[in-house]
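Notes for the structure review
Chain residues, written in single-letter form:
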2 protein chains.
Amino acid sequence: MRVSRLFLSTLKEAPAEAELVSHRLMLRAGLIRRLASGLYTWLPLGLRVVRKVEAVVRREMNATGAVEVLMPAIQPAELWQESGRWDHYGPDLLRVKDRHDRDFCVGPTHEEVIGDLVRREVKSYRQLPVTLYQIQTKFRDEIRPRFGVMRAREFLMKDAYSFHADKAGLDVTYQAMYEAYSRIFASLGLRFRAVAADTGAIGGTGSHEFHVLADSGEDAIAYCPQSAFAANVELAEALAPSGRRPDASETMRKVETPGKKTCEAVCEQLGCDIRKSIKAVMVHASGKLHMLLLRGDHSLNEIKAAKLPGMERLRLASAEEIKEATGCAPGFIGPVGLSSAVSIIADRSAAALADFVCGANEADYHLAGVNFGRDLPEPAIVADIRNVVSGDPSPDGAGTLELCRGIEVGHIFQLRKKYSDAMNIAFLDEGGKLQTVEMGCYGIGVTRIVAAAIEQNHDARGIIFPAALAPFQVAIVPIGANKSDEVRSVAEQLYQDLNDAGVEVLLDDRDERPGVMFADMDLIGIPYRIVVGERGLKNGELEFKQRREEKAANVRLEQIVEHVCSRLQAEA
Amino acid sequence: MRVSRLFLSTLKEAPAEAELVSHRLMLRAGLIRRLASGLYTWLPLGLRVVRKVEAVVRREMNATGAVEVLMPAIQPAELWQESGRWDHYGPDLLRVKDRHDRDFCVGPTHEEVIGDLVRREVKSYRQLPVTLYQIQTKFRDEIRPRFGVMRAREFLMKDAYSFHADKAGLDVTYQAMYEAYSRIFASLGLRFRAVAADTGAIGGTGSHEFHVLADSGEDAIAYCPQSAFAANVELAEALAPSGRRPDASETMRKVETPGKKTCEAVCEQLGCDIRKSIKAVMVHASGKLHMLLLRGDHSLNEIKAAKLPGMERLRLASAEEIKEATGCAPGFIGPVGLSSAVSIIADRSAAALADFVCGANEADYHLAGVNFGRDLPEPAIVADIRNVVSGDPSPDGAGTLELCRGIEVGHIFQLRKKYSDAMNIAFLDEGGKLQTVEMGCYGIGVTRIVAAAIEQNHDARGIIFPAALAPFQVAIVPIGANKSDEVRSVAEQLYQDLNDAGVEVLLDDRDERPGVMFADMDLIGIPYRIVVGERGLKNGELEFKQRREEKAANVRLEQIVEHVCSRLQAEA
């Protein structure tokens with residue numbers, strides 16, 4: 001492709017509304033243009049990247065035995081009423097009336113449509129399992145679309161749906177999809193993690209998210225570099241410290257800590273390790289107050305705490321409630337000498353401490369050398385109520401956890417019989433008995449992947465596309481082609497030769513200044529650049545540079561095609 | 001692909017609502033399934049055919065230098081208000097309000113969106129010409145969707161838009177698109193005609209329709225087998241007969257024609273050629289009556305007649321009006337002795353007659369041997385007011401016309417400045433002056449082509465796909481694979497070998513009865529069928545049959561792959 005034919009449209013500055021790096025770069029590089037809030041046109045350069053994603057997704061879906069279909073974007077309300085989602089979906093669902101005043105929606109997902117198809121076509125266990133997928137335009141009427149195609153209203157999605165005679169069959173396909181998704185993101189050259197979306201235990205769970213790792217990601221992920229364990233931080237289990245609690249070796253003493261309301265400040269004053277302090281968080285649940293104890297360097301995980309019996313609708317206690325229960329202002333409260341009306345729940349790590357520091361329930365005072373069972377009762381409840389931190393042992397016992405941030409680009413889910421029960425998607429089993437099917441669904445945000453890939457792969461000069469996603473593999477930049485017949489003819493011949501060798505090559509035929517062309521080719525993230533210049537040609541040489549490299553190498557003109565091909569092959 | 005993996009779903013009978021052959025066959029063959037009125041899901045088999053169409057369309061679009069983009073399906077109302085179409089489009093436009101009560105539509109076409117893009121991106125004549133296209137889902141809220149995907153509400157369309165500095169540039173791209181469209185339909189293996197959509201004169205016109213020829217087509221087309229001339233019958237010019245009018249050789253006489261109200265009946269009674277009779281049609285326009293004269297075997301073309309001065313809103317005269325003007329009932333009226341209050345307009349063919357038969361303006365009587373200039377004045381106006389018929393001379397002088405019926409699958413159109421004026425799509429010309437662009441648009445009904453192809457290519461057994469459109473090129477049907485290891489292993493090996501040879505092959509691994517498998521493979525229209533049976537294998541032979549052939553040929557097992565490949569190559 002020649003730049004002059006590409007409808008390339010790069011910008012020096014991104015529009016002010018673009019907050020995220022990928023959004024700015026996609027606008028600047030001319031991958032997308034905004035039509036309206038959350039609606040984007042894919043320009044030729046961007047669409048080529050989308051097609052790369054589609055091709056890999058399609059290849060791996062087909063490899064699992066899934067077959068491609070194409071369902072309408074516009075869906076009749078009746079099916080959504082049958083599944084119950086017409087009432088429950090909320091304003092994200094774009095509802096529309098046709099000319100005959102019948103209700104439809106612009107589909108954000110297709111469980112109902114595929115369910116309706118399968119219940120009509122599948123009669124017998126002999127037709128199961130079956131997995132159908134499509135790559136199709138979806139619409140979600142986000143209340144605040146932002147970040148470009150990362151959170152757009154209209155977007156391309158691969159959605160797959162599998163149907164099974166039993167749970168064992170669903171498990172097999174679920175596992176195959178897990179592996180296919182892993183191959184997809186690996187093939188695209190992305191650093192990613194499959195994240196358990198519920199309990200955090202790998203295997204046997206009903207839902208995994210696939211995250212592209214990027215510092216700007218919306219989700220915090222805990223993962224184990226030594227194993228496949230990964231989970232949302234909110235869901236990753238913090239194990240109890242190994243070994244038994246040390247014996248008490250200090251006597252409890254009261255220390256004056258004027259104005260020191262945090263464990264950090266108190267421990268700094270006392271010269272003690274913050275990991276030997278306990279912070280108390282007072283919460284209200286089921287009509288009474290509870291004091292939650294956490295190690296000073298840990299933070300409360302409200303989701304975990306809320307899963308304990310009687311804690312379902314917990315909220316932080318007010319300053320007045322705290323004062324009433326402890327006689328003291330927040331900042332100095334602690335578990336020693338507490339009224340029995342307040343129940344104590346200790347995190348596993350807090351419960352394992354001896355000789356610890358905690359609030360004295362008296363303004364400007366803390367206690368040190370405190371020990372459970374001696375200075376206060378053993379906590380009534382010990383549970384996992386904190387967020388994991390970097391260095392925690394992995395729940396699978398395989399190493400220690402690291403934290404990172406991710407962008408969700410895929411989600412696989414065992415729907416089980418949620419839709420098949422509601423919509424009566426049934427089949428005759430081997431014994432001739434009518435059964436409802438087990439169902440799974442598997443989504444990939446095709447257009448979102450492009451943004452996530454850029455979020456993960458860029459530098460100050462622009463996008464750095466992984467080879468598998470790049471719209472072109474090689475850019476040819478001729479210097480002074482309008483003044484030098486040799487430069488032009490070598491560039492043209494090279495363009496021809498690389499095309500003939502099956503390389504996707506972009507020839508910058510704009511006769512712009514070198515700086516403009518270099519900047520544009522860097523901005524749009526083409527993995528390799530070849531500069532054709534008069535000076536190099538005098539020595540029979542061209543400049544060859546990988547996008548991430550700072551310095552170009554000189555390559556003999558007669559070896560350049562082979563050189564390019566071997567580099568590309570080495571990367572593939 | 002194995003049939004067991006294809007989600008193949010054939011039907012013995014089509015649902016009753018399917019009127020058109022293609023609709024019935026697409027349902028029976030399991031290419032599509034109905035979701036709701038005018039909304040269809042493409043099943044795996046059908047989607048493969050759609051993808052074949054897309055690939056050819058994309059290839060030929062790219063070959064013209066057009067570049068692919070992808071625009072949102074949901075479009076903001078503001079742009080449609082700017083172009084004026086928000087008010088004028090009518091209820092076919094599916095309008096929708098988002099959660100913030102802003103107006104949008106589900107796009108039936110994208111002139112506004114692409115116009116908005118181009119006016120933002122294109123500043124200078126140096127960026128012109130440019131042609132952008134997409135293959136994308138469209139929605140038209142048809143009042144009565146029918147004929148399956150032929151007239152669906154949601155459909156896939158290739159829409160291209162070109163932008164030019166001047167009319168000459170538009171003409172160049174228009175011609176390139178004309179040729180690309182011709183290559184597309186030829187590549188797809190379809191019999192088609194490019195039809196001038198306005199004047200019928202080839203070249204220099206601003207609009208052509210591309211029709212797939214089929215007896216069931218909605219449009220009647222006149223074309224010249226000896227040239228490229230083709231036009232809608234309504235628009236094709238009927239030339240004046242060549243040579244001068246013969247001299248009068250008979251005397252006018254009145255003949256009794258009791259109850260004979262048509263030229264056919266009168267001429268049959270008189271034993272004269274209907275092509276020597278004149279029928280009179282009384283119409284009302286501009287406040288007065290006009291008698292239109294046509295040769296007895298011709299029919300009035302109201303569109304042509306309405307183009308004559310003063311005839312814009314013509315309507316047929318009522319029986320009362322006819323009686324008042326001629327003193328006679330319809331069926332016996334004629335131009336002789338007519339009141340001068342009624343003006344006479346003669347079709348060119350009628351005006352060229354001598355010694356003709358016509359109504360006598362008296363019930364049950366006609367006149368014979370009538371001659372213009374002797375028995376009545378020469379007609380005040382002679383014009384082309386009839387439909388062309390088979391055998392008429394082609395307007396381009398290259399031969400004689402034939403009639404056929406067609407299904408419109410493509411349309412190319414010179415929009416000129418309709419949108420660029422309304423939306424101010426402008427550029428700076430070489431002299432630095434602001435100019436609005438010339439614009440063209442070019443549509444292809446991608447999903448409609450599949451239906452049209454079937455309408456053109458089918459027999460009593462089902463679909464006969466042209467090779468370029470077939471979802472698979474070859475079907476392997478093993479007979480008794482469940483009883484014979486040899487049959488199964490030969491079929492599996494052949495499946496492998498053909499796949500390896502790059503042939504798209506479908507293996508019927510259902511172990512159904514031969515009749516069921518044969519019927520299904522014929523129904524779904526696979527071009528070639530190979531039968532693997534025990535009897536043939538005894539002689540080292542397989543049965544090979546083309547879909548249109550009645551008898552299979554025996555081919556040696558060791559030669560079958562080569563045989564298939566050479567047949568496919570010969571057809572490509």
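Residues numbered from 1 in each chain as written. Chains lettered and ligands numbered in written order. Predicted model: local features only at pLDDT ≥ 70, side-chain atom pairs only at ≥ 80, totals over all residues.

Turning next to the overall build of chain A. Summing up its helical and strand segments, chain A has 16 helices and 31 strands in all. Counting only C-alpha atoms and orienting by the principal axes, one finds that chain A spans roughly 90 × 70 × 45 Å. Counting all 572 residues of chain A, 48% fall into the buried class. Summarising the internal contacts of chain A: among those between residues at least 6 apart in sequence, 70% fall at separations of at least 24. (Helix = DSSP H or I, 4+ residues; strand = E, 2+ residues; numbered from the N terminus. Buried ≥ 20, exposed ≤ 12 C-beta atoms within 10 Å, placed from the backbone. Contact = placed C-beta atoms within 7 Å.)

When chain A is fitted onto chain B, the two copies agree to an RMSD of 0.1 Å after a turn of 180° and an axial shift of 0.0 Å. In short, the pair behaves as if placed about a two-fold rotation axis. Taking the C-alpha atom as reference, chain A places Val-96 of chain A closest to the rotation axis, 2.7 Å from it. Looking at the interface residues of chain A, 100% of them are also at the interface in chain B, so both copies use one shared face. (Least-squares fit on C-alpha atoms with pLDDT ≥ 70 in both.)

With that out of the way, let us pick up the packing of helix α2 (residues 44–63) of chain A against helix α12 (residues 446–456) of chain A. Residue and element names in this part refer to chain A. α12 packs onto α2 with a crossing angle of 115° between their chain directions and a minimal axis gap of 9 Å. Handedness of the crossing formed by α2 with α12: right-handed. Of the residues in α12, those touching α2 at Val-49, Val-50, Val-53, Glu-54 and Val-57 are Val-446, Thr-447, Ile-449 and Val-450. For the contact of α2 with α12, a count of residues per class yields seven nonpolar, one polar and one charged. (Axes fitted to C-alpha atoms, helices over the stretch in contact; angles between N-to-C directions. Left-handed = near helix turned anticlockwise from the far one by under 90°. Nonpolar A, V, L, I, M, F, W, Y, C, P; charged D, E, K, R; others polar.)

Our next topic: the interface of chain A and chain B. The interface of chain A with chain B comprises 39 residues on the first partner and 40 residues on the second. Among the secondary structure elements, those contributing two or more residues to the side of chain A that touches chain B are β1 (32–36), β2 (39–42), α2, β3 (67–68), β4 (74–76), β5 (94–97), α5 (111–121) and β7 (130–139) of chain A.

All names here are of chain A. Relative to strand β6 (residues 103–106), β4 runs antiparallel, the two being bridged by three bridges. Within β6, the position partnered with Ile-74 by the bridge is Val-106. Of the strand pairs in this sheet, β5 and β6 are connected by four bridges, and their pairing is antiparallel. Residue pairing for β6: Leu-94 is matched across the bridge by Val-106. Taking the residues that link successive antiparallel strands as the turn, the β5-β6 hairpin has five residues, and the phi of Asp-101 there is positive, at about 70°. (Pairing = 2+ DSSP bridges.)

Moving on, we come to the sheet that holds strand β29 (residues 528–532) of chain A. Residues and elements named next belong to chain A. Taken together, five strands build an open sheet; the order of strands is β28-β27-β29-β30-β31 and the sheet is mixed. The open sheet has two free edges, formed respectively by β28 (505–507) and β31 (553–556), since each of these has just one partner strand. The mean angle between the axes of side-by-side strands here comes to 30°, regardless of whether they run parallel or antiparallel. Packing against the sheet, helix α13 (residues 485–500) makes contact with β27 (474–478), β28 and β29, and its axis sits at approximately 165° to β27.

Under the domain assignment, chain A is made up of domain 1 (50–213 + 406–454), domain 2 (253–383) and domain 3 (472–571). On a C-alpha basis, the centroid separation for the pair domain 1 of chain A and domain 2 of chain A is 45 Å. (Domains from an automatic or database assignment.)

In this structure, Pro-129 of chain A follows Leu-128 of chain A across a cis peptide bond, with omega equal to -5°. With respect to the helices and strands, Pro-129 of chain A occurs in the loop between α5 and β7. Backbone geometry places Asp-355 of chain B, a non-glycine residue, at a positive phi of 55°. Position of Asp-355 of chain B among the secondary structure elements: in the loop between α10 (348–351) and β18 (356–362).

The subject of this paragraph is the sheet that holds strand β14 (residues 278–285) of chain B. Residues and elements named next belong to chain B. Reading across the sheet, the five strands line up as β16-β14-β15-β17-β20 and stay open at both edges, with mixed pairing between neighbours. Only two strands of the sheet have a single neighbouring strand rather than two, namely β16 (315–316) and β20 (381–383). Where strand β17 (residues 343–347) meets β20, three bridges bridge the pair, whose relative direction is parallel. Its bridge partner being in β20, Ile-345 is matched across the sheet by Ile-381. Across the sheet, helix α9 (residues 319–326) is in contact with β14 and β15 (288–295); its angle to β14 comes to roughly 110°.

Residue and element names in this part refer to chain B. Every buried residue of helix α14 (residues 514–523) is accounted for by Met-517, Asp-520, Met-521 and Asp-522. Here the buried face of α14 lies against β26 (462–463), β27 (474–478) and β29 (528–532). Immediately downstream of α14, the backbone of Gly-525 shows phi near 80°, a positive value.

Residue and element names in this part refer to chain A. Within the secondary structure, Leu-156 sits in strand β8 (residues 154–164). When the C-alpha positions of Leu-156 and Ala-240 are compared, they lie 44 Å apart, and in sequence the two are 84 residues distant. The contact partners of Leu-156, leaving out residues within four places of it in the chain, are Val-50, Ile-135, Thr-137, Val-446 and Thr-447.

This part covers α5 of chain A. Note on helix geometry: an α-helix contains 3.6 residues per turn, so any two residues three or four positions apart are oriented the same way. Most of α5 of chain A sits out of view: eight of its eleven residues are buried. Of all the positions in α5 of chain A, only Glu-111, Glu-112, Val-113, Ile-114, Gly-115, Asp-116, Leu-117 and Val-118 of chain A are classed as buried.

With that out of the way, let us pick up the pairing of β8 of chain A. All names here are of chain A. With eleven of eleven residues buried, β8 is to be regarded as a mostly interior element. Side chains Glu-154, Leu-156, Lys-158, Ala-160, Ser-162 and His-164 project from β8 onto one buried face, and the interleaved Phe-155, Met-157, Asp-159, Tyr-161 and Phe-163 project onto a second face that is buried too. Taken together, the ten bridges between β7 and β8 define a ladder with antiparallel strand orientation. In the sheet register, Tyr-133 faces β8, and the bridge partner there is Ala-160. Here β8 runs beside strand β24 (residues 438–445); their pairing, made up of eight bridges, is antiparallel. If you follow Lys-158 over to β24, its bridge partner there is Ile-444.

Take the nonpolar core next. Ranked by size, the top nonpolar core spans 284 residues in total, and within it Ile-476 of chain A together with Ile-476 of chain B carry the most contacts. With near-sequence residues (within four places) excluded, Ile-476 of chain B lies in contact with Ala-491, Leu-494, Tyr-495, Val-505, Leu-507, Asp-508, Ile-530 and Val-532 of chain B. Of all hydrophobic cores here, the second largest spans 33 residues; its members include Leu-292, Ala-305, Ala-346 and Ala-360 of chain B. (Core = buried A, V, L, I, M, F, W, Y, C linked by C-beta atoms within 7 Å.)

This part takes up the environment of Arg-5 of chain A. Among the structural elements, Arg-5 of chain A can be located in the segment before α1 (21–28). Between the C-alpha atom of Arg-5 of chain A and that of Pro-44 of chain A, which follows or precedes it by 39 residues, the distance is 9.8 Å. Residues contacting Arg-5 of chain A, with those up to four places away along its chain left out, are Gly-65 and Val-67 of chain B.

What follows covers the packing of α1 of chain A against α12 of chain A. In a packed pair of helices, the relevant descriptors are the angle between the two axes and the axis-to-axis distance. Residues and elements named next belong to chain A. For the pair α1 and α12, the least separation of the axes is 8 Å and the interaxial angle reads 105°. Of the possible angle classes, the one that applies to α1 and α12 is roughly perpendicular. Along its contact with α1, which presents Val-21, Ser-22, Leu-25 and Met-26, the element α12 presents Ala-451, Ile-454 and Glu-455. (Parallel < 35°, antiparallel > 145°, perpendicular 65-115°, else oblique.)

Averaged over chain A, the pLDDT score is 94; the fraction of residues at 70 or greater is 99%. For the stretch residues 199–204 of chain A, pLDDT sits under 50, and the model shows 13 contacts to residues farther than four places along the chain or on other chains. (pLDDT = per-residue confidence, 0-100.)

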